[in-house]
Amino acid sequence: MRPTRLLAWLLPVTVLTATGCGGSDHVEVAAPTPPAGAAAEACRALHDALPAKVMDAGVRETSPKSTLTAAWGDPAIVLRCGVGLPASLRVVDPTKAGSEPVDSVEVNGVTWSFAKYAGGVRFTTVYRRANVEMTVPKKFTEPAAPLVDVADAVARTVPATLDLSNA
């Protein structure tokens, strides 16, 4: 095959690959109701501080586009900022404020409540000015591992608080 014919054949393949075959690189993510005040500021700061990779997976665009959402990899690890507390944490014993919830994990100074669901595990920060949720697909044998890549950004940008009514 002549070089010009080879290039003419490869160009459409390259364009399709680079564009993700017509937009398939977007991840549908329901953006939470935009938070107000300090929570909104924290979510904006977090969005700007998020890592380019999580578990060696690159960033994917979310649809609709929002500074409250982010995604990495395929299947996507999804982050949403400004979500409500998980239902299991809505009733809190005030005498235990500041203690870790039963179903929780601490990663680099950030406490995450977790709940399993059919598709994987959903982690939600607690004791932060804005609640940050990460949904990790069940493909990951250690579902808390992706939290390591985002915990530092959360710790730097979303201030800690004992007030669980921020959502």
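Located above this text is the structure these notes cover.
Quick caveat, the model's predicted, so the values are computed rather than measured. (Residues numbered from 1 in each chain as written. Predicted model: local features only at pLDDT ≥ 70, side-chain atom pairs only at ≥ 80, totals over all residues. Heavy atoms only, no water.)

J.: How should the layout of surface pockets be read in this particular structure?
T.: Taking a probe equal in size to a water molecule and rolling it over the atoms shows the remaining empty space. In this structure, the second largest pocket occupies an estimated 210 Å³ of space. Those elements that place two or more of their residues in the lining of the second largest pocket are strand E3 (57-60) and strand E5 (69-72). Considering each element in turn, the lining of the second largest pocket owes the most residues, four residues, to E5. Counted by class, the lining of the second largest pocket contains six nonpolar, four polar and three charged residues. (1 Å grid on protein atoms, 1.4 Å probe; cavity = no way out; pocket = protein on both sides within 12 Å on 5 of 7 lines; lining within 4 Å. Points joined across faces, edges and corners; volume = space filled by probe spheres on them. Helix = DSSP H or I, 4+ residues; strand = E, 2+ residues; numbered from the N terminus. Nonpolar A, V, L, I, M, F, W, Y, C, P; charged D, E, K, R; others polar.)

J.: Got a minute to help me understand the sheet that holds E5 in this structure?
T.: Within a sheet, neighbouring strands are paired by backbone hydrogen bonds and run either parallel or antiparallel to one another. Overall, antiparallel pairing links the eight strands, which are arranged E2-E3-E5-E6-E10-E9-E8-E7 in an open sheet. This sheet does not close on itself; its edge strands, each paired only once, are strand E2 (53-54) and strand E7 (104-107). One ladder, built from six bridges, connects strand E8 (residues 110-117) with strand E9 (residues 120-125); its direction is antiparallel. Its bridge partner lying in E9, Trp-112 is registered against Thr-125. Along the sheet, helix H4 (residues 145-157) contacts E2, E5, strand E6 (77-81), E7, E8, E9 and strand E10 (132-137); its crossing angle with E8, the most-contacted strand, is approximately 140°. (Pairing = 2+ DSSP bridges. Contact = heavy atoms within 4.5 Å. Axes fitted to C-alpha atoms, helices over the stretch in contact; angles between N-to-C directions.)

J.: How should the packing of aromatic side chains be read in this particular structure?
T.: Two measures describe an aromatic ring pair: the distance that separates the ring centres and the angle between the ring planes. With the rule as written, the count across this model stands at one aromatic pair. With a centroid separation of 6.0 Å and an interplanar angle of 50°, the aromatic rings of Phe-114 and Phe-123 are classed as tilted. Judged by its relative accessible area of 28%, Phe-114 falls in the partly exposed class. The class for Phe-123 is buried, based on a relative accessible area of 3%. (Phe/Tyr/Trp six-rings, centres within 6.5 Å; stacked < 30°, edge-to-face > 60°. Buried < 20%, exposed > 50% of the residue type's maximum accessible area, 1.4 Å probe, protein only.)

J.: Any chance you could explain unusual backbone geometry here in plain terms?
T.: Trans peptide bonds make up most of the peptide bonds, and negative phi angles are found at most residues other than glycine. Cis geometry is found at the peptide bond from Ser-63 to Pro-64, where omega equals 0°. A cis amide bond, omega 0°, links Asp-74 with the succeeding residue Pro-75. Looking at the element boundaries, Pro-75 is found in the loop between E5 and E6. Its identity is not glycine, yet Met-55 carries a phi of approximately 55°, on the positive side. With respect to the secondary-structure elements, Met-55 resides in the loop between E2 and E3.

This is a description of form; function is not addressed.
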